[in-house]
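Single-letter residue listing:
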Amino acid sequence: MMGILGHRKLGDFEIWAVRAGTVKMDGGAMFGVIPRPLWEKRIPPDERNRIRLGMTCLLVRTQDETIVIETGFGGKVNEKLREIFGLDESDGLLASLASVGVAPEDVDRVIVTHLHQDHAGGCTIWEKGGYAPTFPNARYFVQRVEWDDAVGADAQTVNGFRMEEVLRPLEKAGVLNFLDGDTEICTGVRVVSTPGHTRGHQSVLVASGGETVCFVGDLVPTSHHLKPIYVMAYDLYPRETFVNKQAILNQAVQDQWLVVWPHDPEIGWSYVRIDDRDGFATMDRLD
Ligand SMILES: [Zn+2]
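Model, not experiment: these values are computed from the prediction.

1. Thoughts on the overall build of the chain
Tallying secondary structure elements over the chain gives 8 helices and 16 strands in all. Rg of the C-alpha trace for the chain: 18 Å, near the compact-globule value of 19 Å for 287 residues, within the 12% margin. Considered along the principal axes of its C-alpha atoms, the chain spans approximately 55 × 45 × 35 Å. Counting all 287 residues of the chain, 55% fall into the buried class. Taking contacts inside the chain between residues at least 6 apart in sequence as the whole, the part at least 24 apart equals 68%. For the chain, the accessible surface area stands at approximately 12,400 Å², while carbon and sulfur atoms represent 49% of it.

2. Describing the sheet that holds strand β5 (residues 109–111)
On the basis of which strands lie adjacent, the open sheet formed by 7 strands has the order β1-β2-β3-β4-β5-β8-β9 and mixed pairing. Bordering the open sheet on either side are β1 (4–10) and β9 (176–179), each of which pairs with just one other strand. Within the sheet, the average angular offset between the axes of one strand and its neighbour, ignoring direction, is 20 degrees. As judged from the 3 bridges shared by β5 and strand β8 (residues 139–143), these two strands associate in the parallel manner. Within the sheet, the bridge partner assigned to Val-110 lies in β8 and is Tyr-140. Helix α6 (residues 144–151) rests against β8 and β9 of the sheet, and its axis sits at about 85 degrees to β8.

3. Some thoughts on the environment of Gly-121
With respect to the helices and strands, Gly-121 occurs in the loop between α5 (117–120) and β6 (124–127). Sequence separation between Gly-121 and Leu-167 is 46 residues, and the spatial gap between their C-alpha atoms is 8.9 Å. Gly-121 has contacts with Thr-71, Gly-72, Phe-73, Gly-74, Lys-76, His-116 and Val-166, leaving out every residue within four places of it along the chain.

4. Focus: the nonpolar core
Leu-115 and Tyr-140 are the most contacted members of the largest nonpolar core, which totals 45 residues. For this core, the elements supplying multiple residues, two or more each, are β2 (13–26), β3 (50–61), α4 (93–99), β8, α6 and α7 (163–173). Ignoring any residue separated from it by four or fewer positions in sequence, one finds Tyr-140 in contact with Val-110, Cys-123, Pro-133, Thr-134, Phe-135, Leu-170, Val-175, Leu-176 and Asn-177. Judged by nonpolar contacts, the second largest core, of 23 residues, contains Leu-58, Val-206, Leu-258 and Tyr-271.

5. Section: the coordination of the zinc ion
Protein-derived coordination of the zinc ion comes from His-114 (NE2), His-116 (ND1), His-197 (NE2) and Asp-218 (OD), at a distance range of 2.1 to 2.6 Å. The coordination sphere of the zinc ion comprises 4 donor atoms, whose angles at the metal cover 79 to 165 degrees; the geometry is irregular. In primary sequence terms, the donor set of the zinc ion follows H-x1-H-x80-H-x20-D. One end of the pair, His-114, is in the loop between β5 and α5; the other, His-197, is in the loop between β11 (189–193) and β12 (202–208), and 83 residues separate them in sequence. Here the two residues His-114 and His-197 agree in accessibility, since each one is buried.

6. Side note on the layout of surface pockets
Approximately 570 Å³ is the volume found for the largest pocket. Taken together, 23 residues make up the lining of the largest pocket; nearest its centre are His-116, Gln-117, Asn-159, Gly-160 and Tyr-234. By residue class, the composition of the lining of the largest pocket is 12 nonpolar, 8 polar and 3 charged. As for the second largest pocket, its lining consists of 15 residues, and the residues nearest its centre are Gly-74, Gly-75, Leu-93, Leu-94 and Gly-122. Sorting the residues of the lining of the second largest pocket by element identifies α4 and β6 as the ones contributing at least two each. Per-element tally for the lining of the second largest pocket: the top contributor is β6, with 3 residues. Across the lining of the second largest pocket, the residue classes break down as 6 nonpolar, 7 polar and 2 charged.

Thresholds, definitions, all that
- Residues numbered from 1 in each chain as written.
- Predicted model: local features only at pLDDT ≥ 70, side-chain atom pairs only at ≥ 80, totals over all residues.
- Heavy atoms only, no water.
- Helix = DSSP H or I, 4+ residues; strand = E, 2+ residues; numbered from the N terminus.
- Rg over C-alpha atoms; globule rule 2.2 N^0.38 Å.
- Buried < 20%, exposed > 50% of the residue type's maximum accessible area, 1.4 Å probe, protein only.
- Contact = heavy atoms within 4.5 Å.
- Areas by Shrake-Rupley, 256 points an atom, 1.4 Å probe, with all protein chains shown as cover.
- Pairing = 2+ DSSP bridges.
- Axes fitted to C-alpha atoms, helices over the stretch in contact; angles between N-to-C directions.
- Core = buried A, V, L, I, M, F, W, Y, C linked by side-chain atoms within 4.5 Å.
- Donors = N, O, S within 2.8 Å, 3.2 Å for Na, K, Ca; no water.
- Tetrahedral: all angles 85-135°; square planar, octahedral: opposite > 155°, others 65-115°.
- 1 Å grid on protein atoms, 1.4 Å probe; cavity = no way out; pocket = protein on both sides within 12 Å on 5 of 7 lines; lining within 4 Å.
- Points joined across faces, edges and corners; volume = space filled by probe spheres on them.
- Nonpolar A, V, L, I, M, F, W, Y, C, P; charged D, E, K, R; others polar.

Below, the structure written as structure tokens:
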């Protein structure tokens, strides 16, 4: 089905890894201080040093709720940036949701790991001369610290956000819930604070019937970032990424979490095991 990378039952819930398009980012920036000869073996760059990445969201259906985690760019990029980013949204989030029978009105909650435009851009949509929430009946969940840092952005951080197209319209519509650290959102769904990429970055844990799926967000953007020192140059607090990544991956191994990779070019999710060489590695299924 269009834009669907994975689908399975999780206890009493049903989950889908949903594509919101693909994008090309500078390979060097995606791997921080790691020299190109090491990362290019994992993801070969194009002639402009860019690597293709996915934008993957998670759709969760519990018995009574429909929840979307992360939203992609949502089309809000001008032609110049669209070219620089090689942005392809032909498999957009709304089309992908529609392919599994979910309309925007059906969504009860939207959770974003942080407010960067490639994660929160799709929270709003152009409608009758202005931007409005894409999911008209949903509450939107974000850490309060993330919001404060986004609306108070400075020259180093401002380009990651879409103030007029995304943040202000959400604020004006009164649909935001600001969270202070680890919080249960509803039965089986909670967020945990995982700073590093940004100060207010959060990850999402969905659990039912003894099984857990973890949406790590940019703490581990792709399955090629499992090695703890593979930290993006985009991260504002790289040391915290290094520490928090190991903590959450160790827990993912121990508790057998299925982990969703928000920017992996190929795969939606995998289990994680300890690896002698890289610290951690993916595995398809639990043995
Ligand atoms: Zn980001």
